[in-house]
Amino acid sequence: MEKAILGGGCFWCLDAAYSGLDGVERVVSGYCGGHTADPDYKQVCSGHSGHVEVVEIHFDPARIDYATLLQVFFAVHDPTTLNRQGNDVGSQYASAIFYLDDGQRAIAERTLQELRAEQVFADPIVTRVEPAQRFYPAEGYHQGYYAQNQQQNYCQLVISPKLAKIRRRFAALMRN
């Protein structure tokens, strides 16, 4: 089992997107990259802790590899908006890849080079690539949020359309 730590706006969206992929064993919403020890949601949302909302993805590399996780990452969020995803604004919503080893760093940098060379996005990509610092799991009510709250407005208006896009684009990767 391997791990990946990715931040692409609201962790509820990323959790929902990755939880349905074959080879992903577990997704944990949390915080990474800041300077406050053991932050809580309120501290992270204030923008003063320096943390990014992220997901820690536990995956089986024999079934889904890190490069594929990054393909999904760049499809599920906008990597061209600095500290923002839609109406979610603040440093906690940064686009960030927190690599856990040199192999992940190389794959992340190569993926970014390819996206830039292919001009996949009209605007410059602002995704940060940084070594992972300590990962802090978010409070329990954030875990599996979409699965438990699909009828909530945010889930219907923001997460559901992203999931539909992921299911269409990555149908072969979805868990049966």
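Residues numbered from 1 in each chain as written. Predicted model: local features only at pLDDT ≥ 70, side-chain atom pairs only at ≥ 80, totals over all residues. Heavy atoms only, no water.

In the nomenclature of an unreviewed UniProt entry, the chain corresponds to Peptide methionine sulfoxide reductase MsrA from the organism Chromobacterium subtsugae. What the UniProt record of the chain gives under Function (unreviewed entry) is the line "Has an important function as a repair enzyme for proteins that have been inactivated by oxidation. Catalyzes the reversible oxidation-reduction of methionine sulfoxide in proteins to methionine." Listed under Sequence similarities (unreviewed entry) in UniProt, the entry text for the chain is "Belongs to the MsrA Met sulfoxide reductase family." (UniProt positions renumbered as here; feature names shortened; annotations may be inferred.)

A few points about the pattern of salt bridges
One pass over the full model with this rule turns up six salt bridges. The partner of Arg-105 in a salt bridge is Glu-109, and the shortest N-O contact between them spans 3.3 Å. Linking Arg-105 with Glu-109, this pair stays in helix 4 (residues 102-117), spanning four residues, or about one helical turn. Between Arg-128 and Glu-130 there is a salt bridge; the shortest N-O distance is 2.8 Å. Assessed through its relative accessible area of 27%, Arg-128 is described here as partly exposed. Judged by its relative accessible area of 22%, Glu-130 falls in the partly exposed class. Among the charged side chains, a network of salt bridges with common partners joins Asp-22, Glu-25 and Arg-63. (Salt bridge = Lys/Arg side-chain N within 4 Å of Asp/Glu carboxyl O. Helix = DSSP H or I, 4+ residues; strand = E, 2+ residues; numbered from the N terminus. Buried < 20%, exposed > 50% of the residue type's maximum accessible area, 1.4 Å probe, protein only.)

Regarding the sheet that holds strand 6 (residues 95-99)
Pairing within the open sheet is mixed, and its six strands lie in the order 7-6-1-3-2-8. Across the chains shown, the open sheet's two edge strands, defined by having one partner strand only, are strand 7 (128-131) and strand 8 (136-137). One ladder, built from four bridges, connects strand 1 (residues 2-8) with strand 6; its direction is antiparallel. Along strand 6, the bridge assignment pairs Gly-7 with Ala-96. Strands in contact with helix 1 (residues 11-19) are strand 1, strand 2 (24-32) and strand 3 (52-59); relative to strand 2, the strand with the most contacts, it is inclined by about 165°. Together, strand 1, strand 6 and strand 7 form the strand contacts of helix 4, whose direction differs from that of strand 6 by roughly 150°. (Pairing = 2+ DSSP bridges. Contact = heavy atoms within 4.5 Å. Axes fitted to C-alpha atoms, helices over the stretch in contact; angles between N-to-C directions.)

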